[in-house]
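Summary of structural features
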Amino acid sequence: MKPLLRGSMFRLTPSERQTLTGPFVVGCVLGICAAAASWGFDREYQHISDGLMLLGALEAFVAGVAVVIIPLAVLPIVVRRLMARKAVKAVR
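So, here's what we can say about the structure.

Cut-off values and rules
Residues numbered from 1 in each chain as written. Predicted model: local features only at pLDDT ≥ 70, side-chain atom pairs only at ≥ 80, totals over all residues. Heavy atoms only, no water. Disulfide = S-S within 2.5 Å. Helix = DSSP H or I, 4+ residues; strand = E, 2+ residues; numbered from the N terminus. Buried < 20%, exposed > 50% of the residue type's maximum accessible area, 1.4 Å probe, protein only. Axes fitted to C-alpha atoms, helices over the stretch in contact; angles between N-to-C directions. Parallel < 35°, antiparallel > 145°, perpendicular 65-115°, else oblique. Left-handed = near helix turned anticlockwise from the far one by under 90°. Nonpolar A, V, L, I, M, F, W, Y, C, P; charged D, E, K, R; others polar. Lys, Arg positive; Asp, Glu negative; His and termini not counted. Salt bridge = Lys/Arg side-chain N within 4 Å of Asp/Glu carboxyl O. Contact = heavy atoms within 4.5 Å. Expected span 1.5 Å × (residues − 1).

Okay, the state of the cysteines next. Simply put, the disulfide is a covalent bond whose two ends are the sulfur atoms of two cysteines. Per the counting criterion, the structure on display carries zero disulfides. Of the cysteine sulfurs around Cys 33, a residue in no disulfide, the closest is that of Cys 28, at 11 Å.

Now the structure itself:
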């Protein structure tokens, strides 16, 4: 039986690291802007506690980063690996 999680599946090549770097930086900038906007919007309501405002800002940051990283960095890497795997199986 094959192991479910192989170590090489989670290692990134240098080109994959390069693919992740740009979208990660852009996603962080977008996430910071979204978190600041969320904090400012929630600040208008006096009945929201600081903890809830912080949670909302954190959620906005994570959503901003994910919206950029998933389609621009993670999906191309996954597609490239699946196509390479398919090509290896076709040769065999």
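What follows is about the side chain of Glu 16. Within the secondary structure, Glu 16 sits in helix α1 (residues 14–43). Judged by relative accessible area, which is 5%, Glu 16 ranks as buried.

We now examine the packing of α1 against helix α2 (residues 50–91). For the pair α1 and α2, interaxial distance at closest approach is 7 Å and the crossing angle is 155 degrees. When the axes of α1 and α2 are compared, the pair comes out roughly antiparallel. Handedness of the crossing formed by α1 with α2: right-handed. Split by residue class, the contact of α1 with α2 holds 21 nonpolar, six polar and six charged.

Before going further, it helps to spend a moment on the side chain of Asp 42. Relative to the helices and strands, Asp 42 is located in helix α1. For the buried Asp 42, which has no salt bridge, the nearest side chain bearing the opposite charge is Arg 43, at an N-O separation of 10 Å. When sequence neighbours within four positions are dropped, the list of residues in contact with Asp 42 reads Ile 48 and Met 53.

For the rest of this paragraph, the subject is the environment of Val 74. Note on placement: Val 74 falls in helix α2. Taking the relative accessible area as the measure of exposure, Val 74 reaches 34% and is therefore partly exposed. For the pair formed by Val 74 and Gly 56, sequence separation is 18 residues and the distance between their alpha carbons is 25 Å.

Below, the discussion takes up α1. With 30 residues, α1 extends 43 Å between its outermost C-alpha atoms, agreeing within 8% with the 44 Å of an ideal straight helix rising 1.5 Å per residue. Elements in contact with the buried residues of α1: α2.

Within the structure shown, the criterion is met by one salt bridge. Among the salt bridges present, the one from Arg 81 reaches Glu 16, with a minimum N-O distance of 2.8 Å. A residue pair is termed long-range when its members are at least 10 positions apart, and Arg 81 in helix α2 and Glu 16 in helix α1 qualify at 65 residues.

Any link to function would need more than the numbers given here.
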